[in-house]
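# What the coordinates show
Listed here are the chains, written in short residue letters.
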Amino acid sequence: MDRKTEAATYTHGHHASVLRSHRWRTALNSAAYLLPHLGPGMRVLDVGCGPGTITVDLAAHVSPGGSVTGVERAGDAVLAQARALAAERGVADVVAFVAGDANALAFADGSFDVVVCHQLLQHVRDPVAVLAEMRRVARPDGGIVAARESDYASFAWYPVDGHDGGLDAWRRLYRAVARANGGEPDAGRMVHAWARRAGFARHAVASSASTWCFRSPDEIAWWSGLWAERTVASAFAQTAVDAGLATEADLERVAAAWRRWGDDEDAWFTVVHGEVICRREA
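Residues numbered from 1 in each chain as written. Predicted model: local features only at pLDDT ≥ 70, side-chain atom pairs only at ≥ 80, totals over all residues. Heavy atoms only, no water.

It is a general feature of regular strands that their side chains alternate between the two faces of the sheet. Most of strand 2 (residues 67-72) sits inside the fold, with five of its six residues counted as buried. Strand direction decides the pairing type here: strand 1 (residues 43-47) and strand 2, joined by five bridges, are parallel. In the strand pairing of strand 2, Val-47 is matched with Val-71. Each parallel crossover has a hand, and for strand 1 linked through helix 3 (residues 53-62) to strand 2 it is right-handed. (Buried < 20%, exposed > 50% of the residue type's maximum accessible area, 1.4 Å probe, protein only. Helix = DSSP H or I, 4+ residues; strand = E, 2+ residues; numbered from the N terminus. Pairing = 2+ DSSP bridges. Right-handed = clockwise from strand over helix to strand, strands pointing away.)

Every α-helix winds through 3.6 residues per turn, so residues three or four apart in the chain are directed the same way. The terminal C-alpha atoms of helix 10 (residues 248-263) lie 23 Å apart, and with 16 residues this matches the ideal 22 Å at 1.5 Å per residue to within 8%. By the burial criterion, the buried members of helix 10 are Leu-251, Val-254, Ala-255, Ala-257, Trp-258, Trp-261 and Gly-262. With its buried residues spanning 150 degrees around the axis, helix 10 presents them on a single face. Of the residues in helix 10, the exposed ones pointing more than 90 degrees away from the buried face are Arg-253 and Asp-263. (Expected span 1.5 Å × (residues − 1). Arc of directions from axis to C-beta.)

On to the UniProt feature "domain: Methyltransferase" (unreviewed entry) in the protein. Within this structure's numbering, the places UniProt gives as "domain: Methyltransferase" (unreviewed entry) are residues 40-150. In residues 40-150, the share of helix is 32% and the share of strand is 25%. The end C-alpha atoms are 29 Å apart. (UniProt positions renumbered as here; feature names shortened; annotations may be inferred.)

With that out of the way, let us pick up the confidence of the model for the protein. Confidence along the protein averages 91 in pLDDT terms, with 91% of residues attaining 70 or more. Here residues 1-7 is a poorly scored stretch, pLDDT under 50, and it has 22 contacts once near neighbours within four places are set aside; other chains count. (pLDDT = per-residue confidence, 0-100. Contact = heavy atoms within 4.5 Å.)

The description of two packed helices rests on the angle between their axes and on the distance between the axes. Relative orientation of the contacting elements helix 8 (residues 217-233) and helix 9 (residues 235-242) amounts to 45 degrees, with a least axis distance of 5 Å. Comparing their axes, helix 9 and helix 8 come out oblique. Helix 8 and helix 9 meet at a crossing whose hand is right-handed. Every residue of helix 9 that contacts helix 8 at Arg-230, Thr-231, Val-232 and Ala-233 is listed here: Ala-235, Phe-236 and Ala-237. A breakdown of the residues in the contact of helix 8 with helix 9 according to their chemical character gives five nonpolar, one polar and one charged. (Axes fitted to C-alpha atoms, helices over the stretch in contact; angles between N-to-C directions. Parallel < 35°, antiparallel > 145°, perpendicular 65-115°, else oblique. Left-handed = near helix turned anticlockwise from the far one by under 90°. Nonpolar A, V, L, I, M, F, W, Y, C, P; charged D, E, K, R; others polar.)

As structure tokens, this is what we get:
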């Protein structure tokens, strides 16, 4: 394939409020659909691994004898966090992290038993090409390509009006910013179709859905706080202003709506994800 580099912009960026969310992710809360397909001795590639919390968790599911490699293009600081986590968990001999581009993975054809990504395809300009590249490095006799993507249009919350429609305004703005960056915020409903366009036969693609649900006081405080901060301080905020999609005052109003929502004792929020397990055939 054409050895191009990624053209889209990661909508969230790597502000501290974003990385707090990434570090919360585990194999259990973010890759449960994949875990039954893992076993000792497997070679796994995690594409777009971020700070590595899911990647490191996968080590236990391929031991003994397996290996997990995380690929991330965000830069040395994020990779350093991932390597430190692997060392802290005592799996540095099983898990490795490298810099790389999802469009041009630096691995030979058929190098891995499982190639997985989480919340990556929604941020790239050509998700089909990325899935095709993931397919290339999966072994041809039953290797797995797995992906899990959120679907912003399907998010649901209570109170429904989001306090004067503030959360509705947030969703409209987020989807506009994501698309201005070249991404697709509703990727969850499309990922199975993208997989077929990437070369997987219909019978080789199994799709499912799952959620994150934030409902306890601590969960609501965490979720509302990080989104209030992201709205005014992350790369999302800068893109919204630079693209003429919002003013700083608009962003402050949205952040305030997130804080008001987080203060409601009945607050509830669910994030919907689409998932696929794709089998590569010879």
